[in-house]
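Survey of secondary and tertiary structure
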Amino acid sequence: MARLHTAFSIWLSRITAICVVAGGVALLVFGDKPTIHQLPNGQVVHNRVVVSYWENWTDFEGRAMMHVVNAFNMSQNRIYINTVQVSDLDIKALIAVAGHDPPDIVTLWSRDMGEYVANRALTPLDVLEKQGVVSRRTFVPYVWRLCKPFHHLYALGATPETCALYWNKNLFIKAGLNPDQPPQTIAQLDSMARRLTLFNSSGGIRQIGFLPTIPDWSGWEIMWGIYFGNHLFNRRTGGYQINTPQQRAAYRWYQSFTRRYGRANLEKFQGGFGPFNSPLNPFMSQRVAMEIQGPYFANFINQNAPDMKGRYGVAPFPTSFGRPGAAVFGDCDVWAIPRGARHVKAALTVLKFFIKQKNIEYLCDKQCKPSPLMKVSRAFIRRNPNPFIKLFEKVTKSPNVQLAPMDILWSRVYSELHSCVQHIWAGHSVGRSLARAQRVVDRWQVNLAMLNARQRGERP
Amino acid sequence: MSRGTPFTTNRAGRRTAEPVRWGDQAAGMLFAAPYLAGVAIFLILPLGMAVYYSFCHYTMLQPPIWTGLQNYIGLLHDQSFRTALINTIVYAAASLPLTLVMSLGLAILLNCPIRGQAVYRTIIFLPSLVPLVAAGVIWGWLLNSDKGLVSYLLAPVLHTAGGLLAAAASWAGAGRDTVTALQRLAPPVWLADPHWAMPVIIFLGLWSIGQTVVIFLAGLQDIPHELYEAAELDGAGALQRLRHVTLPMLSPVIFFNLIMGIIGSWQVFDLPYVMTQGGPDKSTLFYSMYVFSAGMEQLRMGPACAMAMVQLFIILLLTALAFWSAKRWVHYT
């Protein structure tokens, strides 16, 4: 019996070994097939440099970018762009750079630029400026400021997003307001919002005039100080201005909504909002009468609430200290080449193609956004599906556009301010919350300065 | 080559280990090598690097700079760290006993010889098969303050109860504010209220107790039936049998689940990350979430590694405490 058992064990071991070896061989032979790249016309790509491009647009915005990518792939026979749509691209691209395996081109948001540049995660593109491909006159001022933050060109503008006030004309009429007269000041915005707010029989909110927590994208609410005259980052001193009179005014205003309507009541009301890009969006479902949004919002309205076409208006967002548009919060998607990219030359060729006026205008047109370029064709304005494109073109070219601070600490400050604003929303003292955040951020800056000094071999 | 037992018997009749041949030793090492290499590359090396980085300023994109104890001192001044630590202690203190008691209770019930026993066991285990991220999204919708099923079902109940209580309070001469508040009794905004978000997350931790129940169930089935019979003959009632037979016999399994629970509760991440992202107002910011945020979102690998080391130390300390206390209450047969 023991011998039989031993023989069986030997047989089983041999069979297992044969299976493992056979599996390995099969994997080598059949498993590792090289990726086949195909052009839109079905033609298989051979002997081209493959430029990997990570981008964050999806759905119809992604399709617009793919159109430009396909146009490039068909336009020549040396380079092929392999596009990968990536979520949380900002974090993943940084990790890829750290792992020495980055893509050749990435799309970034303006808020990422400071961290990427300070950590030397991007390849300078100064060569494009030297070659005369781009100059300060190519892009609108704020986009150029974003692309060339510390005397070097690090990115090229793709699609700008400046914010404006959207208002629902139908709800204005129902509330007895002039549908063609948007608020000019924050005080007017408040008074109109009150008239536009309706309650149900149990005291719950049925419709609200304006809510500063919308859009509920994480972090947007930390920019309200801009509309009260604050500059969050002092570029001259390199310091953050969190606890300023303007900031305190902004967040007292922000908190006034919970005082007026009750926090639980507002949270319950907001709980019914659907995703931003769905028909359950509070503006599209007519539960919110006024909202701050970017130009792309027109695209989502066209897709999800076509009935609203012509029934909403867009105007520069009011400010507490001047005319509407005296301060504008802006963002912009940019293209950049990460540090350590394998095909920098090919990537530069691709970027040159991307920023051609024709291609930029196609992309911005399909995304309902204004152009980042100073020079705009009439056809672009004429055919752009955003009915307010002229307004957005004007706002984008305004010198009042403020970007997220371009600083190495920004993502950390952003997170701290986000918590601070949530604290204020929960009913805590505005002054104390902002003062605490200011202290925390100041300490981080001091620590960073000490660390930098130590790195340079100086006594901190 | 000898394939028999590696033991031999000496003249005194004692078993001694046969000297292992070099070939056998090499074969053994070769078979163990993949595992040892895995442990070295994926466990020991990262752990060593994490210890080193915890004493450095490191962003992954620049070479690390040695800063000594700076990261650990920085944690003392970091309010978010303190909040995450306190939240995790509260979570662990509430969720661990709750999970153990609930799962033990369910296991005892499921061990009863009743009709449809297998069906009940499957029902209890089924939620453990649902990925926590998916469960988090579903629970997020169920607990939605406006359109959620939980609030929808609870609202009429609370409305009726509130009405009755208001009438009673009015009769008892309570103030107008109290009566009005009772009349307006409504479900809370579960995940958007800092006072409710934590209890909700603790409660939802019970969603995946199926595996703990199964381990308890296996332990219960290992208890010899004769012990119950003997206890019954001695006149022990159901509660006494539970106290004097089931719990002592099950103590090694309880101990195992306690250790796993300590580790699990200090690493809670998925549900709060999906449902609340640490909010509102940091009320559900847990330790692992803050480590992730510092390391992967803010690229502060130094403080993230320091926090991970503190977490490791706390878990080791609690585990050591559990082992120390085990001498008094865990009975191995």
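Our subject in this report is the structure included herewith. (Residues numbered from 1 in each chain as written. Chains lettered and ligands numbered in written order. Predicted model: local features only at pLDDT ≥ 70, side-chain atom pairs only at ≥ 80, totals over all residues. Heavy atoms only, no water.)

Right, let's get into the sheet that holds strand S7 (residues 205–210) of chain A. Residue and element names in this part refer to chain A. Judged by pairing direction, the sheet is mixed, and its 5 strands sit side by side in the order S6-S7-S10-S5-S11 without closing on themselves. The sheet is open, and its two edges are formed by strand S6 (198–199) and strand S11 (312–315), each paired on a single side. Where strand S5 (residues 164–168) lies against strand S10 (residues 288–293), 4 bridges are found, and the strand directions are antiparallel. By the bridge assignment, Ala164 is partnered in S10 with Gln293. (Pairing = 2+ DSSP bridges. Helix = DSSP H or I, 4+ residues; strand = E, 2+ residues; numbered from the N terminus.)

All names here are of chain A. The side-chain alternation of S11 yields two buried faces, one formed by Tyr312 and Val314 and the other by Gly313 and Ala315. As paired elements, S5 and S11 share 4 bridges and run antiparallel to each other. If you follow Trp167 over to S11, its bridge partner there is Gly313. (Buried < 20%, exposed > 50% of the residue type's maximum accessible area, 1.4 Å probe, protein only.)

Let us look at the nonpolar core. Counting residues in hydrophobic clusters, the biggest one holds 79 residues, and the most contacted among them are A:Phe210, A:Tyr251 and A:Met290. Ranked by residues supplied to this core, first place goes to helix H16 (residues 410–425) of chain A with 8 residues. When near neighbours in sequence (up to four residues on either side) are disregarded, A:Tyr251 contacts A:Glu221, A:Ile222, A:Met223, A:Trp224, A:Gly225, A:Val421, A:Ile424, A:Val430 and A:Leu434. By size, the runner-up hydrophobic cluster in this structure holds 75 residues, among which are A:Ile360, A:Leu373, B:Tyr58 and B:Met301. (Core = buried A, V, L, I, M, F, W, Y, C linked by side-chain atoms within 4.5 Å. Contact = heavy atoms within 4.5 Å.)

With that settled, consider the packing of helix H2 (residues 59–75) of chain A against helix H13 (residues 357–366) of chain A. Think of two packed helices as two axes; the pair is described by the angle between the axes and how far apart they sit. Residues and elements named next belong to chain A. Following both chains from N to C, one finds H2 and H13 inclined at 160 degrees, their axes separated by 8 Å at the closest point. As summarised for this structure, H2 and H13 are arranged roughly antiparallel, according to the angle between their axes. The two elements H2 and H13 meet at a crossing, and its hand is right-handed. Taking contact as the criterion, the partners of Ala64, Met65, His67 and Val68 in H2 are, on H13, Asn359, Tyr362, Leu363 and Lys366. Here the contact of H2 with H13 is built from residues that sort into 5 nonpolar, 2 polar and 1 charged. (Axes fitted to C-alpha atoms, helices over the stretch in contact; angles between N-to-C directions. Parallel < 35°, antiparallel > 145°, perpendicular 65-115°, else oblique. Left-handed = near helix turned anticlockwise from the far one by under 90°. Nonpolar A, V, L, I, M, F, W, Y, C, P; charged D, E, K, R; others polar.)

With that settled, the discussion passes to the side chain of B:Ser283. Looking at where B:Ser283 falls in the secondary structure, it is placed in the loop between helix H12 (270–275) and helix H13 (287–297). Setting aside residues no more than four positions away along its own chain, B:Ser283 makes contact with B:Asn87, B:Pro194, B:Ala197, B:Met198 and B:Gly278.

Moving on to the environment of A:Thr185. Residues and elements named next belong to chain A. Inspection of the secondary structure puts Thr185 in the loop between helix H7 (169–174) and helix H8 (186–196). With 133 residues separating them in the primary sequence, Thr185 and Pro318 have C-alpha atoms 4.8 Å apart. Engagement of the side chain of Thr185 in a polar contact is seen with the backbone nitrogen of Gln188, the distance being 3.0 Å. (Polar contact = N/O pair within 3.5 Å; in protein donor to acceptor, adjacent residues only side chain to side chain.)

For the rest of this paragraph, the subject is the layout of surface pockets. Empty space within the second largest pocket amounts to approximately 1100 Å³. As for the second largest pocket, its lining consists of 43 residues, and the residues nearest its centre are A:Phe150, A:Phe233, A:Met406, A:Asp407 and A:Ile408. (1 Å grid on protein atoms, 1.4 Å probe; cavity = no way out; pocket = protein on both sides within 12 Å on 5 of 7 lines; lining within 4 Å. Points joined across faces, edges and corners; volume = space filled by probe spheres on them.)

Another aspect to go through is the interface of chain A and chain B. Counting residues at the interface gives 34 residues for chain A and 29 residues for chain B. Across the interface of chain A and chain B, roughly 2700 Å² is buried in total on both sides, 53% from carbon and sulfur atoms. The interface formed by chain A and chain B contains 0 salt bridges. For the interface between chain A and chain B, the tally reads 11 residue pairs in polar contact (both at pLDDT 80 or more). Sorting the residues of the side of chain A that touches chain B by element identifies helix H3 (89–98), helix H4 (110–118), helix H10 (263–271), H16 and helix H17 (430–455) of chain A as the ones contributing at least two each. Residue contributions to the side of chain A that touches chain B peak at 7 residues, all from H16(A). Here the side of chain A that touches chain B is built from residues that sort into 11 nonpolar, 11 polar and 12 charged. (Buried area = accessible area lost by both parts, 1.4 Å probe. Salt bridge = Lys/Arg side-chain N within 4 Å of Asp/Glu carboxyl O.)

Right, let's get into empty space enclosed by the protein. All names here are of chain A. Taken as a whole, this structure holds 2 cavities of 30 Å³ or more when the rule is applied. Taken together, Pro212, Thr213, Ile214, Pro215, Trp220, Glu221, Met223, Trp224, Tyr227, Ile292 and Phe329 make up the lining of the largest cavity. Here the lining of the largest cavity is built from residues that sort into 9 nonpolar, 1 polar and 1 charged. Here the second largest cavity is characterised by a volume of approximately 30 Å³. Ile222, Gln247, Tyr251, Leu417, Val421 and Leu434 are the residues that line the second largest cavity. For the lining of the second largest cavity, the secondary structure elements donating two or more residues are helix H9 (245–261) and H16. Split into classes, the residues belonging to the lining of the second largest cavity amount to 5 nonpolar, 1 polar and no charged.

To continue, consider the pattern of salt bridges. Residues and elements named next belong to chain A. Tallied over the entire structure, the rule returns 11 salt bridges over all chains. Between Lys169 and Asp180 there is a salt bridge, and its shortest N-O distance comes to 3.4 Å. With a gap of 11 residues between them, Lys169 in helix H7 and Asp180 in the loop between H7 and H8 connect regions that are remote in the sequence. Shared partners join several salt bridges into a network, and the residues in it are Glu161, Asp333 and Lys369.

Together, A:Val21, A:Val25, A:Leu28, A:Val29 and A:Phe30 make up a nonpolar patch on the protein surface, roughly 550 Å² of accessible area in all. Classification of A:Val29 as exposed rests on a relative accessible area of 52%. (Patch = residues over 30% accessible without salt bridge, like charges linked within 9 Å, V, L, I, M, F, W, Y side chains within 5 Å. Areas by Shrake-Rupley, 256 points an atom, 1.4 Å probe, with all protein chains shown as cover.)

Further remarks concern unusual backbone geometry. Each neighbour pair has its own omega, and for A:Ile214 with A:Pro215 the value is 0 degrees, a cis peptide bond. Within the secondary structure, A:Pro215 is located in the loop between S7 and strand S8 (233–234). In this structure, B:Pro280 follows B:Gly279 across a cis peptide bond, with omega equal to -10 degrees. Along the chain, the position of B:Pro280 falls in the loop between H12 and H13. Its identity is not glycine, yet A:Asp59 carries a phi of approximately 55 degrees, on the positive side. As for its placement among the helices and strands, A:Asp59 is situated in helix H2.

Residues and elements named next belong to chain A. Note that strand S1 (residues 49–55) and strand S2 (residues 79–85) share 7 bridges and pair parallel. The residue bridging Val49 from the neighbouring strand is Ile79, located in S2. Assessed by its sense of winding, the connection that carries the chain from S1 through H2 to S2 is right-handed. (Right-handed = clockwise from strand over helix to strand, strands pointing away.)

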